[in-house]
Amino acid sequence: MLLFSCPNCGPRNEGEFHYGGQAHVAYPTHPGDLSDREWAEYLFFRENTKGLFAERWVHSTGCRKWFNMVRDTVSYDIHAVYRMGEQPPTDLDPATTPANAPAQPLAPAQASNTSTSEGV
Amino acid sequence: MSTEQLPEHPEFLWRNPDPKKSYDAVIVGGGGHGLATAYFLAKNHGMTNIAILEKGWLAGGNMARNTTIIRSNYLWDESAAIYEHSLKLWEILPEELDYDFLFSQRGVMNLAHTLGDVRESMRRVGANQLNGVDAEWLDPKQVKELCPILNINDNIRYPVMGATYQPRAGIAKHDHVAWAFARKCDELGVDIIQNCEVTGFIKDGNRVTGVKTSRGTINTEKVGLCAAGHSSVLAEMAGFRLPIQSHPLQALVSELHEPVHPTVVMSNHVHVYVSQAHKGELVMGAGVDSYNGYGQRGSFHVIEEQMAAAVELFPIFARAHVLRTWGGIVDTTMDASPIVGLSPVENMYVNCGWGTGGFKGTPAAGLTFAHTIATGAPHTLNKPFSMERFETGALIDEHGAAAVAH
């Protein structure tokens, strides 16, 4: 079992927490303007990084607050824990930081270029 | 102690060739799905100048560490069609591949522990029957008759309120399945290349023309990705993204026991599934770890919860010793259904997202994926399982029938 340092409660067992997937996925700024493909990207496409990954957890049986964490998805080492609304430490540069989130084609060859709706 | 005699192996299984400069098609991933794909490419489409690239050794990933359950009792029409076709192939493959891989149709029970479970299960039985899949609803007494070691007392935390039952479902000896496919692939001229890791792809515009590997560059006209948990990593190399997340999934086996468990019992609610292997080990599976992971090991508390559930359902197992545990990486999608079809890169095809249930789908995945690779278009059976469904909204939501929550 992993040991997480909740920003509010301190070190607690993994079993007290629930996983929330990739961090820093912002709701679209102009939802009405999104194409079906862009909606699909927002709803269903998440990074699946092998290595440093910024993700959200909630301390379900403690303070019940969400927070962010940078974890290595191979070694499961925890590199940073920080509050919602904060950015990951710049020296870690997990692949999910906004600058690295690439625009994604979705459908087969007919996919046209589109701007990403994720990772603001 | 042995409950069943294991079959003799053929004297020769497969060659271990060096990669050629070019192939008509390259399959990335030498697990069950990759092997089945190559087999059907050769058998059904006459493509024999093909290679399977495996970064480790043949079928040493999830194919070597799954709980071997085969069933087709899925809820939706699209899933019932592809998994039932798969089951029908399982029924004829031992003869077709000329290899006894101990496919044992001992039936699978999916237990219901709450009123919600009961309603969902009965609905699934009805849906299965409409789709020609053998399915029955069993009350607790019938459950006990089929599997006498199950605890059906109503004084446990989640009592058994009934079960769905698919009599034609069962288990097969997974590594023998891989060897059966590999041997036939080799006979048909397919190069099975082990210790050959894909490190990149060569593209001409948006069309794939080659594969870079740890054993040199290979030119090819078509590439099929069959890498399960590592599909995202390959897709990233090829310049696109997949709507999948990789999670560790754990299982364990006990020491050998006399035959006590005549069928396969699965419980989604308390999260354990148990069968007894041909040699006599109890094979148990748990749920996935909630977090993304590539570490090929899982959380201890997941195993602890699985064992607690197993001992409550099967008090007879309380003193069984665990022989080994292991974790594999499964690639899950948001609707718990696989992706088998075209990719955003021309001439590159993806077969992934089978989550926790890829083994049972091996023959149908191979058949339909081979069709897609050979013709450049999906087979009727895998057409609904395209990546576009996340855009069109035609999702195939199998969270209930997938049996392991993910």
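Analysis parameters
- Residues numbered from 1 in each chain as written.
- Chains lettered and ligands numbered in written order.
- Predicted model: local features only at pLDDT ≥ 70, side-chain atom pairs only at ≥ 80, totals over all residues.
- Heavy atoms only, no water.
- Helix = DSSP H or I, 4+ residues; strand = E, 2+ residues; numbered from the N terminus.
- Rg over C-alpha atoms; globule rule 2.2 N^0.38 Å.
- Buried < 20%, exposed > 50% of the residue type's maximum accessible area, 1.4 Å probe, protein only.
- Contact = heavy atoms within 4.5 Å.
- Areas by Shrake-Rupley, 256 points an atom, 1.4 Å probe, with all protein chains shown as cover.
- Lys, Arg positive; Asp, Glu negative; His and termini not counted.
- Charge placed at Lys NZ, Arg CZ, Asp CG, Glu CD.
- Core = buried A, V, L, I, M, F, W, Y, C linked by side-chain atoms within 4.5 Å.
- UniProt positions renumbered as here; feature names shortened; annotations may be inferred.
- 1 Å grid on protein atoms, 1.4 Å probe; cavity = no way out; pocket = protein on both sides within 12 Å on 5 of 7 lines; lining within 4 Å.
- Points joined across faces, edges and corners; volume = space filled by probe spheres on them.
- Nonpolar A, V, L, I, M, F, W, Y, C, P; charged D, E, K, R; others polar.
- Phe/Tyr/Trp six-rings, centres within 6.5 Å; stacked < 30°, edge-to-face > 60°.
- Lys NZ or Arg CZ within 6 Å of the ring centre and 35° of its normal.
- Pairing = 2+ DSSP bridges.
- Axes fitted to C-alpha atoms, helices over the stretch in contact; angles between N-to-C directions.
- Buried area = accessible area lost by both parts, 1.4 Å probe.
- Salt bridge = Lys/Arg side-chain N within 4 Å of Asp/Glu carboxyl O.
- Polar contact = N/O pair within 3.5 Å; in protein donor to acceptor, adjacent residues only side chain to side chain.

Visitor: Can you explain the overall build of chain B? Please cite residues and give values.
Guide: For chain B, the helix and strand inventory stands at nine helices and 18 strands. Against the globule reference of 22 Å for 406 residues, chain B gives a C-alpha radius of gyration of 21 Å, in line with a compact fold. Overall size of chain B, expressed as C-alpha extent along the three principal axes, is 65 × 50 × 40 Å. Counting across all 406 residues of chain B, residues that qualify as buried make up 60%. For chain B, contacts bridging at least 24 residues in sequence account for 78% of all contacts bridging at least 6. Accessible surface computed for chain B: about 15,100 Å², of which carbon and sulfur atoms make up 51%. In chain B, which carries 32 positive and 43 negative side-chain charges, the distance between the mean positions of the two groups comes to 3 Å.

Visitor: Account for the nonpolar core, naming residues and giving values.
Guide: Residues and elements named next belong to chain B. Leu35, Trp90, Phe101, Ala172, Val177, Phe181 and Ile192 are the most contacted members of the largest nonpolar core, which has 54 residues in total. At the level of secondary structure, the elements contributing two or more residues to this core comprise β1 (22-28), α1 (32-45), β2 (50-53), α2 (77-96), α5 (174-187) and α8 (362-375). Here this core gets seven residues from one element, more than from any other, and that element is α1. Beyond its immediate stretch of four places on either side in the chain, Val177 contacts Met63, Trp90, Phe101, Ala172 and Phe359. Counting residues in hydrophobic clusters, the runner-up holds 30 residues, among them Val28, Val208, Ile244 and Phe390.

Visitor: Kindly report on the UniProt feature "domain: Rhodanese" (unreviewed entry) in chain B, identifying the contributing residues and their values.
Guide: Mapped onto this numbering, the UniProt entry gives "domain: Rhodanese" (unreviewed entry) at residues 26-69 of chain B. Secondary structure within residues 26-69 of chain B divides into 32% helix and 18% strand; the distance between the first and last C-alpha atoms comes to 29 Å.

Visitor: I'd like a rundown of empty space enclosed by the protein, residues and numbers included.
Guide: Enumeration over the complete set of coordinates arrives at one cavity of 30 Å³ or more. For the largest cavity, the calculated volume is near 60 Å³. A class-by-class count of the residues in the lining of the largest cavity yields six nonpolar, five polar and no charged.

Visitor: Lay out unusual backbone geometry in plain terms, naming residues and giving numbers.
Guide: All names here are of chain B. Of note, Thr68 is a non-glycine position whose phi angle comes to about 65 degrees, a positive value. Locating Thr68 in the fold gives a position in the loop between β2 and β3 (69-70). For Thr68, a relative accessible area of 11% corresponds to the buried category. We note that Leu102 has phi near 55 degrees; this positive angle belongs to a residue other than glycine.

Visitor: Tell me what's going on with the environment of Ala251 of chain B, and back it up with residues and numbers.
Guide: Residue and element names in this part refer to chain B. Looking at the element boundaries, Ala251 is found in strand β12 (residues 244-256). The class for Ala251 is buried, based on a relative accessible area of 4%. Linking Ala251 and Pro363, residues 112 residues apart in sequence, is a C-alpha distance of 23 Å. Setting aside residues no more than four positions away along its own chain, Ala251 makes contact with Thr67, Met284, Gly285, Arg324, Thr325 and Trp326.

Visitor: Can you explain the packing of aromatic side chains? Please cite residues and give values.
Guide: Tallied over the full model, the rule gives 18 aromatic pairs over all chains. When the centroid spacing of 5.2 Å and the interplanar angle of 45 degrees are considered together, the rings of Trp90 of chain B and Phe359 of chain B count as tilted. One end of the pair, Trp90 of chain B, is in helix α2; the other, Phe359 of chain B, is in the loop between β18 (348-352) and α8, with 269 residues separating them in the sequence. Of the two residues, Trp90 of chain B and Phe359 of chain B, neither departs from the other in class, the shared state being buried. One aromatic cluster in this structure is built from Phe4, Phe17, Tyr19, Trp57, Phe67 and Tyr76 of chain A together with Tyr291 of chain B. Over the aromatic face of Tyr42 of chain A sits the side chain of Arg46 of chain A, whose NZ or CZ is 5.9 Å from the ring centroid.

Visitor: Any chance you could break down the sheet that holds strand β15 (residues 281-288) of chain B for me, citing the residues and the numbers?
Guide: Residues and elements named next belong to chain B. Taking strand neighbours across the sheet as the criterion, the eight strands line up as β5-β6-β4-β13-β14-β15-β12-β16 in an open arrangement whose pairing is mixed. The sheet is open, and its two borders are formed by β5 (136-138) and β16 (322-333), each paired with just one other strand. Within the sheet, the average angular offset between the axes of one strand and its neighbour, ignoring direction, is 20 degrees. Examined bridge by bridge, strand β14 (residues 272-276) and β15 share four bridges and lie antiparallel to one another.

Visitor: Which residues make up the layout of surface pockets, and what values do they have?
Guide: All names here are of chain B. Here the second largest pocket is characterised by a volume of approximately 580 Å³. His271, Val288, His301, Val302 and Glu305 are, among the 25 residues lining the second largest pocket, the residues nearest its centre. Among the elements that take part in the lining of the second largest pocket, helix α7 (residues 300-313) stands out by supplying eight residues, more than any other. Grouping the amino acids of the lining of the second largest pocket by side-chain chemistry returns twelve nonpolar, eight polar and five charged.

Visitor: I'd like a rundown of the interface of chain B and chain A, residues and numbers included.
Guide: How large an interface is tends to be reported as the accessible area lost when its parts come together. Across the boundary between the two partners, chain B contributes 34 residues, which contact 30 residues of chain A. The junction of chain B with chain A conceals about 2,900 Å² of combined surface from both sides, 56% of it contributed by carbon and sulfur atoms. Its largest share of buried area at the contact with chain A, chain B owes to Arg241, Tyr291 and Glu391 of chain B, together 29% of the area lost on that side. Taken together, the connections running from chain B to chain A amount to one salt bridge. As a salt-bridge pair, Arg241 of chain B and Glu47 of chain A come within 2.6 Å of each other at their nearest N and O atoms. Taken together, chain B and chain A are joined by 15 residue pairs in polar contact (both at pLDDT 80 or more). Broken down by secondary-structure element, the contributors of at least two residues to the side of chain B that touches chain A are α6 (231-238), β12, α7 and α9 (389-392) of chain B. For the side of chain B that touches chain A, the element with the most residues is β12 of chain B, which contributes four residues. When its residues are assigned to classes, the side of chain B that touches chain A shows 15 nonpolar, 14 polar and five charged.

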